[in-house]
Amino acid sequence: MTYIRVRLGAGVLGLALVGGLAAAPTASAATSAAAAAPVTVEEQRLDRTAPQEILRRSGFDTVAPGFARALERAGSFGQAERVVAGQGARLWQRAVDRAQGRGPAGGDLSRDDDRPLYWARLGMTREVRQWEPEFGLTDTQRASLLAELEENSRGENAIRYPHAKGVKRILLTGFDPFTLDRDVRISNPSGATALALDGTTIQTADGPARIETAVFPVRWQDFAQGTVERTLRRQLPRVDLFTTVSQGRVGRFDVERTNGAWRGSFPDNENVSRTETIPVTDPASQPQWTSTTLPYARIVAAVTGRFPVYDHTSVTEIPAGGTIPVVRPDGPTPGSTARAGGGGDYLSNEIAYRATLLRDRLGLHDSLPGGHVHTPVLQFGTGNTDPATGTVTDPEFVQNRLDIIAQVRAIVTVAVSGAGR
């Protein structure tokens, strides 16, 4: 996911998730109920006109009210945990089913739309944040429920591959919409792709391959708390290929060659900024750069769709012994310090860095193809570009998203052909 600071094409890309279930509350904490938590910046956007229209036109406007009623019936923290986990998982499956043409559409919004999932989830997290049950809820317990809801409603706990012989395994991740204060109508084609491809089987030159997916938040803190590593660590050793995906530049796909260990200052969906080295475990062994092991030459050479696909090699570095950032079109020089990977310095660069660093730390660099793909920016149709007066969807907008989804599928098909361990 790229945001253009100066001109189109100079993006700050990337993303993250809530850091696991919180530790069990201490005896003293468990005895004092905490007041309802304030709603977040993301949740406050939920009451705007466009999100409410998106929910209504997809039938997902019933999700949060139904979830609230189920919470009210919970008589203990244990029952609340089961409600949150179950309804979070059902929301994910409902969004996948809708995207793949199963069940009722729920309204006239096109099925390929990722936004109903995003806004319905925020409705659910807001309910958890404001819930004050009679049995009392500590801050730690509320945080645990929110983490459970995030993991289950993002597909993180639903990644399952068949045991059939000869079926390759692909892991693909997407992101939530972002830059919503610029235009609250925004959709993220990487999230839409994840919904469209989850649990599907594609036919490759080497036989069938099963795709499993998850969608990550656009929040610095979630990434710092390890959401990427928690989700991917148990999957990478058993897949044949992985790719993180996010929205990038206008009118083009990019296979990002190099990822940098640096966070830029662009605000996330909570309007929080971070400017620092990407925080990871064992920072003493943290490299400044990681690289893709996707077959970028084969991907670029293939005909995969209407958008051009580039092997993107440029980075921004501080050269060894220097102090000023320098753009390097052909990748980093020895001993340099990262200031932006090919995918920029936002969360798309960060998810690519974290995923490929995890691959390397698991000893899979030479055997597991993996890296990051940036999609084109998803654009509204001509005449529908003003957030204040435009509609939440239009035929060109839908067609652009469908074309991007189809081309990601084709890129993954090319990439996994010949892969295997």
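Residues numbered from 1 in each chain as written. Predicted model: local features only at pLDDT ≥ 70, side-chain atom pairs only at ≥ 80, totals over all residues. Heavy atoms only, no water.

S.K.: Kindly report on the environment of Arg257, identifying the contributing residues and their values.
M.R.: Inspection of the secondary structure puts Arg257 in the loop between strand E5 (253-256) and strand E6 (258-260). Each C-alpha atom, one on Arg257 and one on Val239, is 21 Å from the other, the two residues being 18 residues apart in sequence. Setting aside residues no more than four positions away along its own chain, Arg257 makes contact with Thr290, Ser291, Thr292, Tyr296, Asp311, His312 and Thr313. (Helix = DSSP H or I, 4+ residues; strand = E, 2+ residues; numbered from the N terminus. Contact = heavy atoms within 4.5 Å.)

S.K.: Tell me what's going on with the nonpolar core, and back it up with residues and numbers.
M.R.: Phe67, Trp119, Leu145, Ile170, Leu172, Phe253 and Ile299 are the most contacted members of the largest nonpolar core, which totals 65 residues. The element that contributes the greatest number of residues to this core is helix H5 (residues 77-99), accounting for nine residues. Residues contacting Ile170, with those up to four places away along its chain left out, are Tyr161, Ile202, Ala209, Arg210, Ile211, Glu212, Leu241, Val412 and Val416. (Core = buried A, V, L, I, M, F, W, Y, C linked by side-chain atoms within 4.5 Å. Buried < 20%, exposed > 50% of the residue type's maximum accessible area, 1.4 Å probe, protein only.)

S.K.: Which residues make up the sheet that holds strand E13 (residues 337-340), and what values go with them?
M.R.: Strand pairing in a sheet relies on backbone hydrogen bonds. The paired strands run either parallel or antiparallel. Taking strand neighbours across the sheet as the criterion, the three strands line up as E12-E11-E13 in an open arrangement whose pairing is antiparallel. This sheet does not close on itself; its edge strands, each paired only once, are strand E12 (326-328) and E13. Averaged over all adjacent pairs, the angle separating strand axes in this sheet is 45°, with direction ignored. Two strands pair when backbone bridges link them, and strand E11 (residues 315-318) and E12 are joined in this way by three bridges, in the antiparallel orientation. (Pairing = 2+ DSSP bridges. Axes fitted to C-alpha atoms, helices over the stretch in contact; angles between N-to-C directions.)

S.K.: Lay out the packing of aromatic side chains in plain terms, naming residues and giving numbers.
M.R.: Throughout the structure, instances matching the rule amount to nine aromatic pairs. Ring geometry for Tyr118 against Trp119: centres 4.8 Å apart, planes inclined by 75°, an arrangement best described as edge-to-face. Tyr118 gets classed as buried once you look at its relative accessible area, which sits at 2%. For Trp119, a relative accessible area of 1% translates into the label buried. (Phe/Tyr/Trp six-rings, centres within 6.5 Å; stacked < 30°, edge-to-face > 60°.)

S.K.: Residues and numbers for the sheet that holds strand E2 (residues 201-204), please.
M.R.: Here we have seven strands laid out as an open sheet, ordered E2-E3-E1-E4-E14-E5-E10, and mixed in their pairing. In the strand order of this sheet, the two ends are held by E2 and strand E10 (309-312), each with one partner. Across the sheet, the mean angle separating the axes of adjacent strands is 30° when strand polarity is ignored. As paired elements, strand E1 (residues 168-175) and strand E3 (residues 207-216) share eight bridges and run parallel to each other. Each residue of the ladder has a partner; that of Gly174, found in E3, is Val215. Each of E1, E2, E3, strand E4 (241-247), E5, E10 and strand E14 (370-375) touches helix H13 (residues 395-416); the most contacted strand, E2, lies at about 55° to it.

S.K.: Any chance you could break down helix H7 (residues 139-153) for me, citing the residues and the numbers?
M.R.: An ideal rise of 1.5 Å per residue puts 21 Å on 15 residues; H7 measures up with 21 Å between its terminal C-alpha atoms. Judged by how many residues are buried, H7 sits mostly within the fold: twelve of 15 residues are covered. Among all positions in H7, only Gln141, Arg142, Ser144, Leu145, Leu146, Ala147, Glu148, Leu149, Glu150, Glu151, Asn152 and Ser153 are buried. The inward-facing, buried residues of H7 abut helix H4 (63-72), H5, helix H6 (115-130) and helix H10 (227-233). One or two steps after H7, the chain reaches Gly155, where phi turns positive at roughly 80°. (Expected span 1.5 Å × (residues − 1).)

S.K.: For the packing of H5 against H7, give the residues involved together with the corresponding values.
M.R.: Packed helices, taken two at a time, are described by the angle their axes make and the gap between the axes. Close contact between H5 and H7 brings their axes to 7 Å; oriented N to C, the two are set at 25°. Here H5 lies roughly parallel to H7, going by the angle between them. At the point where H5 passes H7, the crossing takes the right-handed sense. Contacts between H5 and H7 involve Phe77, Ala80, Glu81, Val84, Ala85, Gly88, Ala89, Leu91 and Trp92 on the former and, on the latter, Gln141, Ser144, Leu145, Glu148, Leu149, Asn152 and Ser153. The class makeup of the residues in the contact of H5 with H7 is nine nonpolar, five polar and two charged. (Parallel < 35°, antiparallel > 145°, perpendicular 65-115°, else oblique. Left-handed = near helix turned anticlockwise from the far one by under 90°. Nonpolar A, V, L, I, M, F, W, Y, C, P; charged D, E, K, R; others polar.)

S.K.: Outline the side chain of Asp114, supporting the account with residue identities and numerical values.
M.R.: For Asp114, the position within the fold is in the loop between H5 and H6. Within the buried core, Asp114 has no salt-bridge partner, and the shortest N-O distance to an opposite charge, that of Arg401, equals 4.1 Å. Within the structure, Asp114 has its side chain in polar contact with the backbone nitrogen of Asn188 (distance 3.1 Å). With sequence-adjacent residues up to four places away left out, Asp114 is seen in contact with Pro177, Ser187, Asn188, Gly191, Ala192, Leu195 and Arg401. (Lys, Arg positive; Asp, Glu negative; His and termini not counted. Salt bridge = Lys/Arg side-chain N within 4 Å of Asp/Glu carboxyl O. Polar contact = N/O pair within 3.5 Å; in protein donor to acceptor, adjacent residues only side chain to side chain.)

S.K.: Go over the pairing of E1 with me, naming the residues and quoting the values.
M.R.: Counting buried positions over the eight residues of E1 gives eight, a clear majority of the element. Pairing analysis gives four bridges linking E1 to E4, with the strands arranged parallel. Of the residues in E4, the one forming a bridge with Ile170 is Leu241.

S.K.: Can you lay out the confidence of the model for the protein chain for me, pointing to particular residues and giving the numbers?
M.R.: Any region with low pLDDT has predicted coordinates that should not be read closely. For the protein chain, mean pLDDT is 92; residues scoring 70 or higher make up 91% of the total. Ignoring residues within four places in sequence, the model shows residues 2-32, a span with pLDDT below 50, making 114 contacts including any to other chains. (pLDDT = per-residue confidence, 0-100.)

S.K.: So, unusual backbone geometry: which residues are in play, and what are the values?
M.R.: Positive phi is not limited to glycine here, since Thr179 has a value of about 55°. Relative to the helices and strands, Thr179 resides in the loop between E1 and helix H8 (189-197). Accessibility expressed as a relative area gives 12% for Thr179, which makes it buried. Even without glycine at this site, Asn271 takes up a positive phi of about 60°.

S.K.: Could you give an account of helix H3 (residues 49-56), naming the residues involved and the relevant values?
M.R.: Residues of H3 that are buried: Ala50, Pro51, Ile54 and Leu55. Take H3 and look down its axis: the buried residues cluster within an arc of 135°, on one side only. Contacts from the buried residues of H3 go to H6. (Arc of directions from axis to C-beta.)

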